[in-house]
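# A structural walkthrough
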Amino acid sequence: MKIMSCRTGYATDHSSSTYEFYSLDQPTKEQKEADVQELAERLIEHRFLSIGETHDPLPLPPVNVSFVHRSSSCASCPLPPTYLSAPTTVHLSLTEACNLDCPACYVLKSKDPPLNTSQVEQLINELAEIKVFQLAMGGGEPFLRNDLGHLVRYARQRGLVPNVTTNGTLLTRERLAEIKGSVGQIQLSLNGYDAESHETHRTPGSFEKTLSAMRLLREMDVAFGVNILVTRGSDFSRTARLAVEQGARQVNALRPKPAANDTEWFHRYSPLPKEFIKLRRELDRLTLEYPEVRFTVDSALVFLMGDLTNDELQAHAIYGCDAGVRSIAVRANGQVYPCSQFSDREFCAGDVTEAGLGSIWREAAVLWRFREMTPKLKGRCSICNVRDYCKGCRRIAYFVTGDFYAKDPGCLQAMSEQAAIGDQAK
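Overview of the structure. Just so we're clear, the structure is a prediction, and the values are computed from it rather than from any experiment.

Of the consecutive residues glycine 139 and glycine 140, the connecting peptide bond is found in the cis state with omega at 15°. With respect to the helices and strands, the residue glycine 140 is situated in the loop between strand 5 (134–138) and helix 3 (148–157). Despite not being glycine, lysine 131 shows a phi value in the positive range, around 75°. When you line up the elements, lysine 131 lands in the loop between helix 2 (117–129) and strand 5. Positive phi values are uncommon outside glycine, yet lysine 391 reaches one of about 75°.

In this structure the tally under the stated criterion is 13 aromatic pairs. Consider the rings of phenylalanine 266 and phenylalanine 399, whose centres lie 5.9 Å apart with planes at 85°: the pair is edge-to-face. Placement of the pair is phenylalanine 266 in helix 8 (residues 265–269) and phenylalanine 399 in helix 15 (residues 394–401), with a sequence separation of 133 residues. Judged by its relative accessible area of 24%, phenylalanine 399 is partly exposed.

With that settled, the discussion passes to the pairing of strand 7 (residues 186–189). As a general feature of sheets, a regular strand has side chains that alternate between the two faces. Side chains of strand 7 alternate between two faces, with Ile186 and Leu188 and Gln187 and Ser189 buried alike. Bridge count for strand 6 (residues 161–166) against strand 7 is three bridges, and the pairing is parallel. In the strand pairing of strand 7, threonine 166 is matched with leucine 188. In terms of strand pairing, strand 7 meets strand 8 (residues 224–229) through four bridges, oriented parallel.

All right, on to the packing of helix 7 (residues 236–245) against helix 9 (residues 273–289) then. Viewed as axis vectors pointing N to C, helix 7 and helix 9 meet at an angle of 30°, and their least axial separation amounts to 10 Å. One finds that helix 7 runs roughly parallel with respect to helix 9. Between helix 7 and helix 9 lies a crossing of right-handed hand. Mapping the contact onto sequence places Phe236, Ser237, Ala240 and Arg241 in helix 7 and Leu279, Glu282, Leu283, Leu286 and Glu289 in helix 9. Across the contact of helix 7 with helix 9, the residue classes break down as five nonpolar, one polar and three charged.

Okay, helix 3 next. With seven of ten residues buried, helix 3 lies mostly within the body of the structure. Burial in helix 3 covers these residues: Leu148, Gly149, Leu151, Val152, Tyr154, Ala155 and Arg156. Of the surrounding elements, those touching the buried residues of helix 3 are helix 2, strand 5, strand 6 and helix 4 (173–179). Positive backbone phi, approximately 95°, marks glycine 159, located one or two places after helix 3.

This part takes up the packing of helix 2 against helix 3. Direction vectors running N to C along helix 2 and helix 3 enclose 20°, while the axes themselves pass 10 Å from each other. When the interaxial angle is binned, helix 2 and helix 3 end up roughly parallel. For the crossing formed where helix 2 meets helix 3, the hand is right-handed. Along the contact surface, helix 2 presents Thr117, Val120, Glu121, Ile124 and Asn125, while helix 3 presents His150, Leu151, Tyr154 and Ala155. The class makeup of the residues in the contact of helix 2 with helix 3 is five nonpolar, three polar and one charged.

Another aspect to go through is the nonpolar core. Ranked by internal contacts, the top residues of the largest apolar core, which has 91 residues, are Val226, Phe236 and Val251. A per-element tally of this core places helix 6 (residues 206–219) first, with six residues. Sequence-distant contacts of valine 251, that is, excluding residues within four places in its chain, are made with Val226, Ile228, Phe236, Ala240, Ala243, Val244, Val293, Arg294, Phe295 and Thr296. Of all hydrophobic cores here, the second largest spans nine residues; its members include Leu229, Leu254, Ala259 and Ala300.

Thresholds, definitions, all that
- Residues numbered from 1 in each chain as written.
- Predicted model: local features only at pLDDT ≥ 70, side-chain atom pairs only at ≥ 80, totals over all residues.
- Heavy atoms only, no water.
- Helix = DSSP H or I, 4+ residues; strand = E, 2+ residues; numbered from the N terminus.
- Phe/Tyr/Trp six-rings, centres within 6.5 Å; stacked < 30°, edge-to-face > 60°.
- Buried < 20%, exposed > 50% of the residue type's maximum accessible area, 1.4 Å probe, protein only.
- Pairing = 2+ DSSP bridges.
- Axes fitted to C-alpha atoms, helices over the stretch in contact; angles between N-to-C directions.
- Parallel < 35°, antiparallel > 145°, perpendicular 65-115°, else oblique.
- Left-handed = near helix turned anticlockwise from the far one by under 90°.
- Contact = heavy atoms within 4.5 Å.
- Nonpolar A, V, L, I, M, F, W, Y, C, P; charged D, E, K, R; others polar.
- Core = buried A, V, L, I, M, F, W, Y, C linked by side-chain atoms within 4.5 Å.

This is the structure in structure tokens:
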């Protein structure tokens, strides 16, 4: 008899902190068995599972524990046993340079040079040693680096799942051949269903190049997904259908975050409450219409799941902000941040050229600020029924109010509550 064995922890195979969208209909026994089979095949494909001889089963953690227990204590590690001893996902910006100049970009460019090939290899070695699952490579535009193919292959050889987020405009058959068989998934940005809608928040001329990239990925049988920025007035369903038609295996809805070079962009283009409600309905429909495609939302959209119970959220591993808890970001110059959306110096946790990522993960005070924030949340976030799972988007709260612990002003529930108060005052 043979069984499947896997490493303990949480794993995803896309390059941003996202959570899979589930239909609320109760699955049948056959559907559950099919889901298990699909999950097993996906984990085997990405090397999280392997086929081996039967071993004695490992004891499972208590069902009410949100985080995986470390298998053994670590006297030098200040992390309590209910926190992960290492992140499951590291978001690495390989470069802050980009061939596009998109108004919605959140990347604040630094004058410091990016980590060189040897430094990235050293970082990958450490990630493998501390048992990180996936390395999300992005930028800027990662395909501007000539060593991208080598780094993707190197990460795979060291046991990581390397995923790449790109604008797609520089993809060629030759560059894809360098990473095919090693990359977990390519993630493209698609912000609209035609040139006009896509290029409202992207560089002119990029839409057709992105479509060409999807066609090439499908032709070469390289798994890819798309990130769709859900902005005010956008058409998520139409854009998602275009992506699926082109062969996308995952469609990820992104909530707008503050742009680096336009302080007013976020306020102009954040969706209205009715548009968030519409997005939830569209996700329900699309999930049923395309059962073979994974529809996900980023961590800042977990409030859309507010009608699920805590047990349902936990059963589907739906959590909100996981910065410093399950994931961490490394900028191109080696500086470490809890989340790639934060670039303020006060949120810098360290530098991988000066200290190991493992020690930064265990000891950096700013990471504990994220880990221990839930009881300190204010306003609507402090009393929300999904507070422990959502936590609101701290980047948006900090940007709008200047208070890290303030309520998330862009949350659907918070906006609806404010609108009701305004109606009563009239």
